[in-house]
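Next come the chains, spelled out residue by residue.
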Amino acid sequence: MTGAQARRGRPRDASRDRALLDATLAVLTESGYSGLTTAAVAARAGVSTATLYRRWPSKEVLVVDAAAAYAQDLTAQPDTGTLEGDLRALLRDKAASLTGNEGGVLRTLIGEAAYSPSLAEALSKAFMLPVRRRMEEITQRAVDRGEIPPVEHADVLGDLVIGPMMSRFFLTPLPPNQVDAATAAETADRILPFLLRAVGHERHGVEPEVAARTATLRGGAPRGGRQADALDE
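Residues numbered from 1 in each chain as written. Predicted model: local features only at pLDDT ≥ 70, side-chain atom pairs only at ≥ 80, totals over all residues. Heavy atoms only, no water.

A.B. asks: How would you explain the overall build of the chain if you had to name every residue and give the values?
C.D. replies: Counting secondary structure elements, the chain contains 13 helices and zero strands. Going from the N terminus to the C terminus, the chain shows its helices and strands as α-α-α-α-α-α-α-α-α-α-α-α-α. Every one of the 233 residues in the chain was classed for burial, and the buried ones make up 35%. Residue pairs in contact within the chain that sit at least 24 positions apart in sequence constitute 70% of those at least 6 positions apart. When the accessible surface of the chain is split by element, carbon and sulfur atoms take 52% of a total near 13400 Å². (Helix = DSSP H or I, 4+ residues; strand = E, 2+ residues; numbered from the N terminus. Buried < 20%, exposed > 50% of the residue type's maximum accessible area, 1.4 Å probe, protein only. Contact = heavy atoms within 4.5 Å. Areas by Shrake-Rupley, 256 points an atom, 1.4 Å probe, with all protein chains shown as cover.)

A.B. asks: Describe the pattern of salt bridges, and please don't skip the residues or the numbers.
C.D. replies: Taken as a whole, this structure holds 14 salt bridges when the rule is applied. Through salt bridges that share partners, Asp79, Asp86, Arg141, Arg145 and Glu147 make up one connected network. (Salt bridge = Lys/Arg side-chain N within 4 Å of Asp/Glu carboxyl O.)

A.B. asks: Any chance you could break down the packing of helix α8 (residues 117–145) against helix α10 (residues 159–169) for me, citing the residues and the numbers?
C.D. replies: When two helices pack together, you describe them by how their axes are tilted relative to each other and by the distance separating the axes. Closest axis-to-axis distance for the α8/α10 pair is 8 Å, and the angle between their directions is 130 degrees. It follows from the interaxial angle that α8 and α10 lie oblique. Residue-level inspection shows Met128, Val131, Arg132 and Met135 of α8 in contact with α10, the latter providing Asp159, Val161, Ile162 and Met166. The residue inventory of the contact of α8 with α10, partitioned by class, reads six nonpolar, no polar and two charged. (Axes fitted to C-alpha atoms, helices over the stretch in contact; angles between N-to-C directions. Parallel < 35°, antiparallel > 145°, perpendicular 65-115°, else oblique. Nonpolar A, V, L, I, M, F, W, Y, C, P; charged D, E, K, R; others polar.)

A.B. asks: Would you mind going over the confidence of the model for the chain in detail, with residue names and values included?
C.D. replies: With 79% of its residues at a pLDDT of 70 or more, the chain shows a mean pLDDT of 80. The low-confidence segment residues 1–10, where pLDDT is below 50, has one contact with residues more than four positions distant or belonging to other chains. (pLDDT = per-residue confidence, 0-100.)

A.B. asks: Tell me about helix α6 (residues 83–97), residues and numbers included.
C.D. replies: With 15 residues, α6 should reach 21 Å at 1.5 Å per residue; the first-to-last C-alpha distance of 21 Å fits that figure. Within the span of α6, buried status applies to Leu83, Glu84, Gly85, Asp86, Leu87, Leu90, Leu91, Lys94, Ala95 and Ser97. The inward-facing, buried residues of α6 contact α7 (100–113), α8, α10 and α11 (181–198). (Expected span 1.5 Å × (residues − 1).)

A.B. asks: If you had to explain the environment of tryptophan 56 to someone new, which residues and values would you point to?
C.D. replies: Secondary-structure assignment places tryptophan 56 in the loop between α4 (49–55) and α5 (59–70). Here aspartate 65 takes part through its side chain, which lies 2.8 Å from a polar atom of the side chain of tryptophan 56. (Polar contact = N/O pair within 3.5 Å; in protein donor to acceptor, adjacent residues only side chain to side chain.)

A.B. asks: Give a detailed account of helix α3 (residues 38–45), specifying residues and quantitative values.
C.D. replies: Of all the positions in α3, only Thr38, Val41 and Ala42 are classed as buried. Along the long axis of α3, the arc covered by the buried residues comes to 95 degrees, so they all point the same way. (Arc of directions from axis to C-beta.)

A.B. asks: Which residues make up empty space enclosed by the protein, and what values do they have?
C.D. replies: Counted under the stated rule, the structure contains one cavity of 30 Å³ or more. The space that makes up the largest cavity amounts to roughly 80 Å³. Of all elements in the fold, only α7 and α8 reach the threshold of two or more residues within the lining of the largest cavity. (1 Å grid on protein atoms, 1.4 Å probe; cavity = no way out; pocket = protein on both sides within 12 Å on 5 of 7 lines; lining within 4 Å. Points joined across faces, edges and corners; volume = space filled by probe spheres on them.)

See below:
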């Protein structure tokens, strides 16, 4: 056996990883973040704390990974072929990740992050940055297709996804884990027209040229046009 073979050791057991993540969420739900201990998680999963620490170096990293395992995958970048389709997919993904069991865990973690800078940083990397990056890619594809003009600071537009979702699902008396999938998707679809307008998409509005042509065909003129000028004379 070579030295490299000896150092390689046994492959990591994915089923044990999942058991530990499930145990983390169970203890977190029962005891909250402040009451969660690695010993309690290890005991729930039926493993030693040494096994846990070989996988996760800290409580914060363990908890964030457990929540991420249940969150919707925001790293995938489906190209639906239209800005509207891409934004609908993003909004529905985010709505799904902020509701149900993972939504309840995330709301708990966000509350605890106010007292833990390391947890706050981990949450930002796991849940906020992917949305901002995805929004940048979506808007760039729309610009390349000619659907919208170039957008400055496209990463800020990601906050227009995160903010309304958190307001709807986290700042209400109804816990996120009591919001069903249909309601989450409906909420995402209601936000979609506002996000389209924010990025400069005109489909949901009437351009001035279109309004003028429509008024002319109807025998009138748009407000502020020639009829208004005649009245002023």
